[in-house]
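Structural description and commentary
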Amino acid sequence: MKRIPSKIGGTGAAITALVLLIVALIAGAAIGETAIPFDVVAKTIANRLFNAGFPLEPLDEGIVWSYRLSRAVVAACCGASLALAGAVLQSLLRNPLADPYILGISAGASTGAVAVALLGLGAGLLTMPMGALAGALAAFVLVSLLAMRAGSGSNAIILAGVAGSQMFNAITSFIVTKSATAEQARGIMFWLLGNLSGVRWPDVGLALPVTIVGLLVCLWHVRALDAFAFGNQAAASLGIRVRRVQIILICTAAAMTAAMVSLVGSIGFVGLVIPHAARLIVGVRHGRLLPVTALVGAVFMIIADILSRTIIAGQVLPIGVITALFGAPAFAFILGQKRARP
């Protein structure tokens, strides 16, 4: 008797996720405190991109194009980048709990960005994204050193990540307390929980290229990522330059995380939960897993952003609160499903 496949085909899943992404982007532009019809969103996009000339209310068109659509695009890039970073780190470290937030990379990026913004670190030569990247790489190096000293167990890197995350969060709080005004402190603390309120089209100019380049780099190394599932020695026996590939992919994951943290703050659970959800859909082969992970992460983040703007009337919640509220139970469910399998 022919066995029925347990996973959805990669092409079908990718097409479905892409359609959902387009729908989510339109929904992100339409849904808010002031509801805007979907046809107005479509006409606004047509006017702006193709000069279609549809007659629209200037206020509605401005809300859709200048505020909501740019915010939805950055949210999608953020979700895709963090999910990709989580998938890559889980493969490289062979640990299902690895993600940029738990390993302290997000906390290090936050420290670097805040140091540039408040302390003027770099004497004006460093931008916030560059400061965030330096902090992210510093955090990962520190966590790796702590893990090596703690031992070779699979949980050593996670425990080291928790310690590193707490340390960088403490440094960030110290910088904010010492150097920020009361108004700056409120803004930075809200931003650190994840905030898309201030993003506009210029931010898309950073978020979108970083996401696309990061995805292409990861896809270029899918064979190596598949091989790492069997260990470093097995990967080396297949002709993969293990150390070189690890450095490239870790730097890519850190760069994606740093860019998104510099734009929207530190957001947890996306890199942890989304790769597991994608594996349940398409399996573990990275050629199918990575594109679906990016698309599912993008859709998830857009939905989280919509909820952050609408769940409480007249108030915007930090998006990190929404991802944690949904991510923690989802991860518990995924763990239960994995344990229930024979």
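Right, let's walk through the structure included here. (Residues numbered from 1 in each chain as written. Predicted model: local features only at pLDDT ≥ 70, side-chain atom pairs only at ≥ 80, totals over all residues. Heavy atoms only, no water.)

1. Thoughts on empty space enclosed by the protein
As a reminder, the rule being used: Only protein atoms enter the calculation, which uses a 1 Å grid: trapped sets of points that fit a 1.4 Å probe without letting it out are cavities, open sets showing protein on both sides within 12 Å along at least five of seven lines are pockets, and any residue with an atom within 4 Å of a point is a lining residue. Grid points are joined across faces, edges and corners, and a volume is the space filled by probe spheres set on the points. Three categories are distinguished: nonpolar for Ala, Val, Leu, Ile, Met, Phe, Trp, Tyr, Cys and Pro, charged for Asp, Glu, Lys and Arg, and polar for the others, with Gly belonging to the last.
If you walk through the whole model with that rule in mind, you get one cavity of 30 Å³ or more. Each pocket or cavity is described by its volume, and for the largest cavity that value is around 30 Å³. Forming the walls of the largest cavity are L82, D99, P100, Y101, S106, I267, G268, F269, V270 and G271. Among the residues making up the lining of the largest cavity, the classes are represented as six nonpolar, three polar and one charged.

2. A closer look at the nonpolar core
This is how it is decided: The set of buried Ala, Val, Leu, Ile, Met, Phe, Trp, Tyr and Cys residues whose side-chain atoms join them within 4.5 Å is what this entry labels a nonpolar core. Only protein chains enter the accessibility calculation, which uses a 1.4 Å probe; a residue is then buried when its area is under 20% of its type maximum, exposed when over 50%, and partly exposed in between. A helix here means a DSSP run of H or I that spans at least four residues, while a strand means a run of E at least two residues long, and both kinds are numbered starting from the N terminus.
One finds L103, V114, V264, I267 and M301 to be the most contacted residues of the largest nonpolar core, which totals 81 residues. With 15 residues, the top contributor of residues to this core is helix α3 (residues 58–93). Counting eight residues, the second largest nonpolar core, distinct from the first, contains A29, V40, V64 and L69.

3. Regarding the environment of I267
Inclusion rule: When checking whether two residues touch, look at their non-hydrogen atoms; a contact exists if any pair is within 4.5 Å.
Counting through the fold element by element, I267 comes out in the loop between α11 (242–264) and α12 (270–282). The buried category is assigned to I267, whose relative accessible area is 4%. Sequence-wise, I267 and G214 are 53 residues apart; in three dimensions their C-alpha atoms are separated by 18 Å. Here I267 is in contact with C78, L82, Y101, G194, M301, I319, G320 and T323, once residues within four sequence places are set aside.

4. Section: the pattern of salt bridges
Pairs may arise between side chains of opposite charge once their charged atoms sit close together. Inclusion rule: The rule for a salt bridge is simple: a side-chain nitrogen of Lys or Arg has to be within 4 Å of a carboxyl oxygen of Asp or Glu.
This structure, assessed with the given rule, holds five salt bridges. For R71, the salt bridge identified is with D305, shortest N-O distance 2.9 Å. With R71 in helix α3 and D305 in helix α13 (residues 286–310), this residue pair connects regions lying 234 residues apart in the sequence. Since its relative accessible area comes to 1%, R71 is described here as buried.

5. A few points about the packing of α3 against helix α8 (residues 201–220)
Applied cut-off: The axes used here are C-alpha line fits, helices contributing only the stretch in contact, and every angle between their N-to-C directions lies in the interval 0 to 180 degrees. For classification, angles of less than 35 degrees are called roughly parallel, those exceeding 145 degrees roughly antiparallel, those between 65 and 115 degrees roughly perpendicular, and all remaining angles oblique. By definition, turning the near helix anticlockwise from the far helix through less than a right angle yields a left-handed crossing, and turning it clockwise yields a right-handed one.
One can describe the packing of α3 onto α8 by two numbers: an axis separation of 9 Å at closest approach and a directional angle of 25 degrees. One finds that α3 runs roughly parallel with respect to α8. For the crossing formed where α3 meets α8, the hand is left-handed. Within the contact between the two elements, α3 uses W65, S66, L69, S70, V73, V74, C77, A80, S81, L84 and V88 and α8 uses W201, D203, V204, A207, L208, T211, L215 and C218.

6. Observations regarding the side chain of D99
We count it as follows: This count recognises Lys and Arg as positive and Asp and Glu as negative, with His and chain-terminal groups excluded. Whenever a nitrogen or oxygen atom comes within 3.5 Å of another N or O atom, the pair is scored as a polar contact, on the condition that within protein one atom can donate a hydrogen and the other can accept it, and that pairs from neighbouring residues in sequence are kept only if both atoms are in side chains.
For D99, the position within the fold is in the loop between α3 and α4 (105–119). For the buried D99, no salt bridge is present, and the opposite-charge side chain at shortest range is R279, 11 Å distant. At 3.4 Å, the side chain of D99 forms a polar contact with the backbone nitrogen of L272. What D99 contacts, discounting residues up to four positions off in sequence, is G86, L89, F269, G271 and L272.

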